[in-house]
Amino acid sequence: MIKYGLVSVSFRPLSCEEIISLAKQSELDAIEWGGDIHVPHGDFEKAKHVASLMKTANLETSAYGSYYKVGTYGKDYKEEFQKVLHTAVLLGAPVIRIWAGTEGSDTISSEKRAEITDECVKIADMAKKEGVSVAFECHRYTLTDDYNSSLKLMKETDRDNLKMFWQPNEGKSFEYNLTALKALLPYIINVHVFNWPKPNVRLPLKDGEKEWKEYFKILHSDTKEHFCSLEFMPDDSPKSLITEAQAMKNFI
């Protein structure tokens, strides 16, 4: 089952109230809230307030995009993640999006990779006690910058509440992205939707119809529920959300 959503960081200058209004106007089901501006981790009152706004609007919180970067908090990482986790719980987010370190899979040392893997296991276990999942974003300069490294990380961590987000890699071919999506499908929980044919080039989603119809065909073959959330407008304009949302729905 696929549900339609929006990533709040698409509109960083807007308030939470404005983003909720845009999501409703565009007939979306959910919002993934960012932890950098809209719902900072540790701001528990803000998390409760946004959860109340979402309930009133009859929208789901698909995820908490925490920007927690594994391996960067030293010995205090459990204290830092606890703030992220409690914020997510108050927000009503079923999954926390994180980054698997800050170094690419082809340059990281085996020792540093082992440290990151160990931390991922520890924070996943913390989250499981609250009934929350943790998911890696496919992001450059992390251990999930390549699908083979992502698969290795999932096997190394081996936790049922550790999942994957997926998005097309704008630096790779369509064929690579199809292969990556198929390979990672057992672990994928949510998807970020955009049309970036190459780095730093954003085009309207409708221009990526061929590619996205193939991606959605693969997602439909899975029995899990997936939130597919629009991330960033081609022109950064809130006015474009309705058009982009309709294109996504047409593809699905």
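Residues numbered from 1 in each chain as written. Predicted model: local features only at pLDDT ≥ 70, side-chain atom pairs only at ≥ 80, totals over all residues. Heavy atoms only, no water.

Draft legend 1. Local environment of the overall build of the protein chain. Helices and strands together make up the secondary structure of the protein chain, namely eight helices and eight strands. C-alpha atoms of the protein chain, sized along the principal axes, occupy 45 × 45 × 35 Å. In the protein chain, which comprises 252 residues, the proportion classed as buried is 53%. In the protein chain, 79% of the contacts between residues at least 6 apart in sequence involve partners at least 24 apart. Summed over all atoms, the accessible surface of the protein chain reaches about 11400 Å², with 49% contributed by carbon and sulfur. Taking the average location of the 32 positive side-chain charges in the protein chain and that of its 38 negative ones, the two points are 2 Å from each other. (Helix = DSSP H or I, 4+ residues; strand = E, 2+ residues; numbered from the N terminus. Buried < 20%, exposed > 50% of the residue type's maximum accessible area, 1.4 Å probe, protein only. Contact = heavy atoms within 4.5 Å. Areas by Shrake-Rupley, 256 points an atom, 1.4 Å probe, with all protein chains shown as cover. Lys, Arg positive; Asp, Glu negative; His and termini not counted. Charge placed at Lys NZ, Arg CZ, Asp CG, Glu CD.)

Draft legend 2. Structural view of the packing of helix α2 (residues 44-57) against helix α3 (residues 77-91). Two elements in contact, α2 and α3, have axes separated by 7 Å at closest approach and are oriented at 25°. Between α2 and α3, the angle falls in the class roughly parallel. For the pair α2 and α3, the sense of crossing is right-handed. Taking contact as the criterion, the partners of Phe44, Ala47, Lys48, Val50 and Ala51 in α2 are, on α3, Lys83, His86, Thr87, Leu90 and Leu91. Of the residues contributing to the contact of α2 with α3, the split by class is six nonpolar, two polar and two charged. (Axes fitted to C-alpha atoms, helices over the stretch in contact; angles between N-to-C directions. Parallel < 35°, antiparallel > 145°, perpendicular 65-115°, else oblique. Left-handed = near helix turned anticlockwise from the far one by under 90°. Nonpolar A, V, L, I, M, F, W, Y, C, P; charged D, E, K, R; others polar.)

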